[in-house]
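Overview (structure and organization)
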Amino acid sequence: MANIQYYDVILKPVVTEKSMNAMSEKKYTFLVHPEANKSMIKEAVEKMFEGTEVKTVNTMNLDGKKKRRGYTVGRTAKTKKAIVTLTESSKDIEIFEGL
């Protein structure tokens, strides 16, 4: 496994209607590094966003979608998604403010 630092774990937030509705329950969705585990994701969120305390982390591996261009068929890259639930006393994550 590669040496992954905490700032390499979280790639970008997932901004969908479903993930925005889950924010009211203090659940935030991120695309994460494919080799990151739950403890690495928890550490990264707590270090990157001050005042946050992670309660649970749920992860899912997503296969790439089939794409076709004429006769050639290929696949997009595999991704890993994490849903991070914060504790009740935790601060909200600022990057989602105003969305």
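Report follows, based on the coordinates. This structure is a prediction, so every number in the text was calculated from the model and none was measured. (Residues numbered from 1 in each chain as written. Predicted model: local features only at pLDDT ≥ 70, side-chain atom pairs only at ≥ 80, totals over all residues. Heavy atoms only, no water.)

For the rest of this paragraph, the subject is the packing of aromatic side chains. A full pass over the atoms with the stated rule returns 2 aromatic pairs. Centroid distance tyrosine 6 to tyrosine 7: 5.4 Å. Interplanar angle 75°. Geometry classified as edge-to-face. Residue class for tyrosine 6 comes out partly exposed when judged on its relative accessible area of 33%. A centroid spacing of 6.2 Å and a plane angle of 20° characterise the contact between phenylalanine 30 and phenylalanine 49, whose relative ring orientation is stacked. With phenylalanine 30 in strand E2 (residues 27–32) and phenylalanine 49 in the loop between helix H3 (38–48) and strand E3 (54–62), the pair connects residues that are 19 residues apart, well separated along the chain. Judged by relative accessible area, which is 1%, phenylalanine 30 ranks as buried. (Phe/Tyr/Trp six-rings, centres within 6.5 Å; stacked < 30°, edge-to-face > 60°. Buried < 20%, exposed > 50% of the residue type's maximum accessible area, 1.4 Å probe, protein only. Helix = DSSP H or I, 4+ residues; strand = E, 2+ residues; numbered from the N terminus.)

In this section: a nonpolar patch on the surface. A grouping of Tyr6, Tyr7 and Met48 is seen on the molecular surface, where their side chains present a nonpolar patch of about 300 Å² in accessible area. Topologically, tyrosine 6 is positioned in helix H1 (residues 6–9). (Patch = residues over 30% accessible without salt bridge, like charges linked within 9 Å, V, L, I, M, F, W, Y side chains within 5 Å. Areas by Shrake-Rupley, 256 points an atom, 1.4 Å probe, with all protein chains shown as cover. Salt bridge = Lys/Arg side-chain N within 4 Å of Asp/Glu carboxyl O.)

Okay, the nonpolar core next. If you look at the biggest cluster of nonpolar residues, it comprises 20 residues, and the most contacted ones within it are Val9, Phe30, Ile41, Val45 and Ile93. Looking at this core, the elements that each hand over two or more residues are E2, H3, E3 and strand E6 (79–86). Looking at which element gives the most residues to this core, the answer is H3, with 4 residues. Excluding anything up to four places from it in sequence, isoleucine 93 contacts Tyr28, Phe30, Val45, Phe49, Thr52 and Leu86. (Core = buried A, V, L, I, M, F, W, Y, C linked by side-chain atoms within 4.5 Å. Contact = heavy atoms within 4.5 Å.)

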